[in-house]
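# Descriptive structure summary
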Amino acid sequence: MTDYRQKYQMTPVIGWLLKDRGGMILLGILIAAAILVPASNLLLPESSAFHVPTWMVSLLGKYLCYALLALSVDLIWGFCGILSLGHGAFFALGGYAMGMYLMRQIGDRGVYGDPILPDFMVFLNWQELPWYWHGFDMFWFAIVMAMFVPGLLAFVFGFLAFRSRVTGVYLSIITQAMTYALLLAFFRNDMGFGGNNGLTDFKDLLGYSLQSDGTRAGLFVASCVFLGICYTVARGITQSRLGKVLIAIRDAESRVRFTGYRVEYYKLFVFTVSAVMAGIAGALYVPQVGIINPGEFAPALSIEIVIWVAVGGRGTLYGAVLGAFIVNYAKTFFTGAMPDFWLFFLGGLFIAVTLFLPKGVIGAVPAFGSADRQSLFTTWRKRRANEGGKA
Amino acid sequence: MSEAAAIQKNASDEEQVKSAQSETILYVDGVSVTFDGFRALNNLSFYVEPGELRAIIGPNGAGKTTMMDIITGKTRPDTGDVLFKSEIDLTKLDEAEIANLGIGRKFQKPTVFESHTVFDNLLLACSGGRGVFQALFHRLSDAEKIKIEKTLVTIMLEDKRDEMAANLSHGQKQWLEIGMLLMQEPELLLVDEPVAGMTDSETEETAKLLRSISKEYSVVVVEHDMEFVRDLDCKVTVLHEGSVLAEGRLDHVQKDPRVIEVYLGR
Ligand SMILES: Nc1ncnc2c1ncn2[C@@H]1O[C@H](COP(=O)(O)OP(=O)(O)OP(=O)(O)O)[C@@H](O)[C@H]1O
Ligand SMILES: [Mg+2]
């Protein structure tokens, strides 16, 4: 067993991590952040210049969740050409699974003091817990569901879509329809997920108060850890032969079919993995922001994720992380300073990136974009030479 | 004709068909396809023997590519039989299944994986496990490496090994695609217009390449370039409006007045 592992997994893991400069930098930053941010928040006095206030810890933690969500989209869009405009749905489902656990943790501390039923159910005059709320009093169960439910939805949806060879714009449109359908469903009170108010007023997680600095720091660290793990998994997938098949599908799908690969299975695999990652991101997000409501299913939010990836640089994984941070930092800034301008800015940013930075911000950094720059330069030189030859 | 004689005739017909089938690697019989009322293939029949090199010529729109689409499972025929090795019904299978049976196809427009290196292009085409999890845990074996190196030499791209396929010339992409077919270890190769966009010397090399390949595999080549077809030095099938117009050696076919009228004479 150990032998097998060593032979088939450990060596390549180290190999491709070392080759991956951007990934090394990302993992380094995550490790440093996971140590320094909580330490300076918890250990340094508030008067210190290096003290990180708790609201900042939570804000950064939230960005990390967005970064993980962006990573999951880049895995399918950047490497397999599947443009999902409905990934917010998987994120929200993961968030709801965590939210259900947090609701059950409230116990009899709710407004109505019912030991089992969450407040909104009491308000609706429900007598007992719906069957699908059972088990969510256990943390491990909620975590499993936060991954399983988005994964299952992606599997079923992907099975139907990929088997029927729905691709391109049509696929993007039905992913939008999927998240929109869920948005409408979750708005309904009788669905049993709190209607348009969603789930909120959480008290604690595993017995630790969500308001305490320690819990918030812990959630921040967990976000760093899961982003690091998911990055490594995604990188492992893209570096394997399977990853090469995915890129081949992105570039020439029919060639892959005629080479004997079942394209639909490959797409289904990566789509499901990606949805599970989005679910994890949602589960980490909800305790840090303290609420989950149907708004997270909004089609516009899913489109925004794609913009994060495009801004950061598609097809690099770490570019998606960078893009999520850049755009969300800008969003925090704009919605504070000039809320009316945010959507204009976002639209403008997307157009600007598409026109001037087709490889995103990462592609513009010489150290990362050098190979491509060189090829751009060579094509330019070739073209010049050709023109010269004709003249 | 007496009843007994009729039965006997039927029986001998059947036998003939059977013996024809048992000698073929590819058996296309009475195939018709209609696209929105337009008959792209019209009762098309032809047979390829194991180890044979066959050229298929015909004017634009004759149905050559459509015929390949039928054989490789991309398009389903309205009527007719397509058998591989005399027994496997190809009309019931999909592209991946047919590819894995041992039928490789080169597209009319050269199609390689542009953002992979030449080496990786061949690796992806390398015969062997096509399953998702096999691919996830796959590690390059020495046998695969050797096979890839051998193919690199065959397709004259050994010094382009680490070049991105996107940076190859048009002709080199054609060769790479042929190399990818070889990596699949097919029994039958379908090659659609392999010398389109090639220089004269490249065209000659390609003819040589295909002739040497046909020593090991059965090869069907679709081509417009007459010089090239002459170089191939093999049996020629002329397609016109979705059916076979003539068949035989090139010299023979070129003398056929109908062929001259629809194709060669123009
Ligand atoms: N999917 C399709 N839908 C509609 N018509 C089609 C389709 N595929 C092929 N055709 C038509 O069928 C006819 C035969 O096309 P095909 O591509 O097989 O010709 P070809 O012999 O390969 O020609 P060329 O030498 O130009 O490659 C053409 O008139 C084409 O327009
Ligand atoms: Mg054609």
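Everything here concerns the structure above.
This part takes up the overall build of chain B. In terms of helices and strands, chain B carries eleven helices and ten strands. In summary, chain B has a C-alpha radius of gyration of 20 Å against a globular reference of 18 Å for 266 residues, a match within 12%. Principal-axis analysis of the C-alpha atoms gives chain B an extent of 70 × 45 × 40 Å. Counting every position in chain B, which comprises 266 residues, the buried fraction comes to 53%. Here chain B has roughly 12,300 Å² of accessible surface; of this, 48% comes from carbon and sulfur atoms. Within chain B, the 46 negative side-chain charges are centred at a point lying 1 Å from the centre of the 29 positive side-chain charges.

So, on to the sheet that holds strand β1 (residues 26–35) of chain B. All names here are of chain B. Taken together, the four strands give an open sheet; going across it, the order is β2-β1-β4-β5, and neighbouring strands pair in antiparallel fashion. The sheet is open, and its two borders are formed by β2 (38–48) and β5 (88–89), each paired with just one other strand. Two elements, β1 and β2, share seven bridges in a ladder whose sense is antiparallel. Within the sheet, the bridge partner assigned to T34 lies in β2 and is R39.

For a metal bound by four donors in a tetrahedral arrangement, the ideal donor-metal-donor angle is 109.5 degrees, while six donors in an octahedral arrangement ideally sit at 90 or 180 degrees. Residues and elements named next belong to chain B. The coordination sphere of the magnesium ion (ligand 2), as far as protein atoms go, consists of T65 (OG1) and Q108 (OE1), spread over 1.8 to 2.1 Å. Of this pair, T65 sits in helix α2 (residues 64–71) while Q108 sits in the loop between β6 (103–106) and α4 (118–125), and the two are 43 residues apart along the sequence. Taking the relative accessible area as the measure of exposure, Q108 reaches 35% and is therefore partly exposed.

Right, let's get into the site of ligand 1. All names here are of chain B. Residues in contact with ligand 1 amount to 13 residues; listed here are only the nearest, N60, K64, T65, T66 and Q108. Side-chain polar atom of K64 to an oxygen atom of ligand 1: 2.8 Å apart, as the coordinates give it. Between ligand 1 and the protein, one listed contact pairs an oxygen atom with a side-chain N or O atom of T65 at 2.6 Å. Isolated, ligand 1 exposes 640 Å² of accessible area, and the fraction of that covered by the protein chains is 63%. Partitioned by chemical class, the residues of the shell around ligand 1 number four nonpolar, seven polar and two charged.

Turning next to the pairing of strand β7 (residues 188–192) of chain B. Residue and element names in this part refer to chain B. Burial analysis of β7 places five of its five residues in the buried class, which makes it a mostly covered element. Along β7, one buried face is formed by L188, L190 and D192 and the opposite face, lined by L189 and V191, is buried too. The pairing of β6 with β7 spans four bridges and is classified as parallel. Within β7, the position partnered with K106 by the bridge is V191. Strand direction decides the pairing type here: β7 and strand β8 (residues 218–222), joined by five bridges, are parallel. If you follow L189 over to β8, its bridge partner there is V219. In this fold, β7 hands off to helix α8 (residues 200–213), which returns the chain to β8; that crossover is right-handed.

As a further point, take the interface of chain A and chain B. Between chain A and chain B, the contact holds 29 residues from the first and 37 residues from the second. Interface area, chain A with chain B, both sides summed: about 2,900 Å², of which 60% is carbon and sulfur. A salt bridge links B:D120 to A:K244, with the nearest nitrogen and oxygen atoms 3.4 Å apart. Where chain A touches chain B, the interface holds 16 residue pairs in polar contact (both at pLDDT 80 or more).

Cut-offs applied
Residues numbered from 1 in each chain as written. Chains lettered and ligands numbered in written order. Predicted model: local features only at pLDDT ≥ 70, side-chain atom pairs only at ≥ 80, totals over all residues. Heavy atoms only, no water. Helix = DSSP H or I, 4+ residues; strand = E, 2+ residues; numbered from the N terminus. Rg over C-alpha atoms; globule rule 2.2 N^0.38 Å. Buried < 20%, exposed > 50% of the residue type's maximum accessible area, 1.4 Å probe, protein only. Areas by Shrake-Rupley, 256 points an atom, 1.4 Å probe, with all protein chains shown as cover. Lys, Arg positive; Asp, Glu negative; His and termini not counted. Charge placed at Lys NZ, Arg CZ, Asp CG, Glu CD. Pairing = 2+ DSSP bridges. Donors = N, O, S within 2.8 Å, 3.2 Å for Na, K, Ca; no water. Near = heavy atom within 4 Å. Polar contact = N/O pair within 3.5 Å; in protein donor to acceptor, adjacent residues only side chain to side chain. Nonpolar A, V, L, I, M, F, W, Y, C, P; charged D, E, K, R; others polar. Right-handed = clockwise from strand over helix to strand, strands pointing away. Contact = heavy atoms within 4.5 Å. Buried area = accessible area lost by both parts, 1.4 Å probe. Salt bridge = Lys/Arg side-chain N within 4 Å of Asp/Glu carboxyl O.

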